[in-house]
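Residue strings, one per chain:
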Amino acid sequence: MADGRAVLMALERMKQSHLTLHHAVARRLKINSIDAEAIAHLIADEPLGQEVLRARLLISKSAMTALVDRLVRDDFLVRHANPADRRSTLLTVSERARHGWENGMAKVFDTIGPSAAALGPEAAAVVADFLDQVTLLQLGLAGEVMRHRSETGE
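Reading the values: rules and limits
Residues numbered from 1 in each chain as written. Predicted model: local features only at pLDDT ≥ 70, side-chain atom pairs only at ≥ 80, totals over all residues. Heavy atoms only, no water. pLDDT = per-residue confidence, 0-100. Helix = DSSP H or I, 4+ residues; strand = E, 2+ residues; numbered from the N terminus. Core = buried A, V, L, I, M, F, W, Y, C linked by side-chain atoms within 4.5 Å. Buried < 20%, exposed > 50% of the residue type's maximum accessible area, 1.4 Å probe, protein only. Contact = heavy atoms within 4.5 Å. Salt bridge = Lys/Arg side-chain N within 4 Å of Asp/Glu carboxyl O.

Predicted confidence across the protein gives a mean pLDDT of 87, with 94% of residues reaching 70 or more. Per-element mean pLDDT across the protein ranges from 83 in helix H6 (residues 120-152) up to 96 in helix H4 (residues 61-73).

Take the nonpolar core next. Of all hydrophobic cores here, the largest spans 24 residues; its most connected members are Ile39, Leu53, Met64 and Leu67. Looking at this core, the elements with two or more residues in it are helix H1 (4-29), helix H2 (33-45), helix H3 (50-57), H4, strand E3 (89-93) and helix H5 (95-118). If near-sequence neighbours (up to four positions away) are discounted, Leu53 is found in contact with Ala38, His41, Leu42, Leu48, Met64 and Leu91.

Here we come to the pattern of salt bridges. For the coordinates displayed, the defined rule picks out eight salt bridges. Close ionic contact of Asp85 with Arg87 constitutes a salt bridge, the shortest N to O distance being 3.2 Å. For Asp85, a relative accessible area of 24% puts it in the partly exposed group. In this structure Arg87 comes out as exposed when scored by relative accessible area, which is 78%.

Once that is clear, we can look at the side chain of Asn82. Positionally, Asn82 belongs in the loop between strand E2 (77-81) and E3. Here Asn82 falls in the buried class, since its relative accessible area comes to 15%. Apart from the residues lying within four places of it in its own chain, the contact partners of Asn82 are Ser88, Thr89 and Leu90.

As structure tokens, then:
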């Protein structure tokens, strides 16, 4: 039976393999990895405000503006008026980006899907809950790292 460290090491291996796959999808779409990361965040959680996405990507305001302008120009993102705050916009992925991403990830889902289905409903719920918890913790840690960096002038 695996202990906590074995689970953490397996999770790390999975994250690294996901990054490799993520870079491959970015290359297929002919975009850089930060652009692909922005699209992935939006596909998982759209719509997002530009500031929320910027915080997730850990980039400066000027870099975020350039990223959004580039991805809108190249028909990967769409800006929408934010009905809750007229001063801001919401971002979603374009049909072109969604189609390219889904085509790139379809083989992943086809390959991994049977393993996920084989878990059964109870085990799948436990694994999904664990992964969701890890996701939230990692986002929080990333924010802490960036705050520390800002506070110490690194």
